[in-house]
Amino acid sequence: MNAFPKDSAVILVHGAWADGSCWRNVILPLQQRGLHVICAPIPMTSLTNDATALNWALERTSGPVVLVGHAYSGAVIAAVREDRVKSLVYIAALAPDEGETVAKVFYRDTPHPEAPKLVPDSNGFIWMPDDGFRRAVAHKASADQTSVAATVQRPIAVRCIQEAAPTPAWRTKPSWFLLAEEDRMINPKTQRFMAERMGARVQSHSIDHSPMYTEPNLVIDVILEAARQTLSRQGLRG
């Protein structure tokens, strides 16, 4: 018997400079455990627009849901209001509180020496320098992985990181946080501060900013822990 109620779903939300393919190593293992998996495409044009796009993805589900956000999309998953969302999972992600911006929490602590210099273009979008993937975004990944990531990257609008966050869902929903101790994009001290502030269940490991590429089993484990405790028949009875 499937451990999860019928139509249980996990929605994976990519961060900046990425798309749904960043979850390729995570999708099949979750599906093999009986979970419906969706990689939500977000436009990265504003926090409000991205939350709206995530709501569109939620409309494709009918049962209980775990939302998973990487990096910037920690702010996106917390901006959604839907009773069927039972828990939130943060993968080296940002978690602004009400009224805070993504930029405020991103720059809370000293950046890593290898962190790239991020400057918007004339259209108000921020692109990752190609060597930023190799040096900081996924510095433990293979050269092939970082080359592909740089090639398929999508930009993020400055509006996304300057818009004040609404009341976050993590105030009322259980949350999990995979803390990347060797992150060169989001200071691990910042991650610890956010995780503790939100009362998240923390799993901390010596991983880089993109463990979906470099340590996918850890990502799968934390998602399954949240699913078992908040979606499973036993968890729902508890």
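### Structural notes on the sheet that holds strand S1 (residues 9–13)
Right, so step 1: Spatially, the 6 strands line up as an open sheet ordered S2-S1-S3-S4-S7-S8, and their pairing is parallel. A strand with exactly one partner marks an edge of an open sheet, and here the two such strands are strand S2 (36–40) and strand S8 (201–205). Averaged over neighbouring strand pairs, the angle between their axes works out to 15° when direction is ignored.
Right, so step 2: The strands that helix H2 (residues 47–58) touches are S1, S2, strand S3 (65–70) and strand S4 (85–91); relative to S1, the one it contacts most, it runs at about 155°.

### Things to note about the nonpolar core
Right, so step 1: With 88 residues, the main nonpolar core has Ile11, Leu30, Leu54, Leu67, Tyr90 and Ile223 as its most contacted residues.
Right, so step 2: Looking at this core, the element that brings in the most residues is helix H10 (residues 216–230), giving 8 residues.
Right, so step 3: Setting aside chain neighbours within four positions, we find Tyr90 in contact with Gly69, Gly74, Ile77, Ala78, Ala95, Trp170, Ser175, Trp176, Phe177, Leu178 and Met198.

### A closer look at the pattern of salt bridges
Right, so step 1: What the rule picks out here adds up to 8 salt bridges.
Right, so step 2: Note that Arg84 and Glu82 form a salt bridge whose closest N and O atoms lie 3.7 Å from each other.
Right, so step 3: Of the residues examined, Arg84 reaches a relative accessible area of 21% and is grouped as partly exposed.
Right, so step 4: According to the relative accessible area criterion, Glu82 is partly exposed, its value standing at 26%.
Right, so step 5: Residues Glu98 and Arg171 are paired through a salt bridge, measuring 3.5 Å at the closest nitrogen-oxygen approach.

### Observations regarding the packing of helix H1 (residues 24–31) against H10
Right, so step 1: Two numbers describe how H1 lies on H10: the axes approach to 9 Å, and their chain directions differ by 45°. When the axes of H1 and H10 are compared, the pair comes out oblique. Considering only the axes of H1 and H10, their crossing is right-handed. Facing H1, whose interface residues are Asn25, Val26, Pro29 and Leu30, H10 presents Pro216, Val219, Ile220, Ile223 and Leu224.

Cut-offs and rules
Residues numbered from 1 in each chain as written. Predicted model: local features only at pLDDT ≥ 70, side-chain atom pairs only at ≥ 80, totals over all residues. Heavy atoms only, no water. Pairing = 2+ DSSP bridges. Helix = DSSP H or I, 4+ residues; strand = E, 2+ residues; numbered from the N terminus. Axes fitted to C-alpha atoms, helices over the stretch in contact; angles between N-to-C directions. Contact = heavy atoms within 4.5 Å. Core = buried A, V, L, I, M, F, W, Y, C linked by side-chain atoms within 4.5 Å. Buried < 20%, exposed > 50% of the residue type's maximum accessible area, 1.4 Å probe, protein only. Salt bridge = Lys/Arg side-chain N within 4 Å of Asp/Glu carboxyl O. Parallel < 35°, antiparallel > 145°, perpendicular 65-115°, else oblique. Left-handed = near helix turned anticlockwise from the far one by under 90°.

In short, the description is geometric, and any link to function would need to be established separately.
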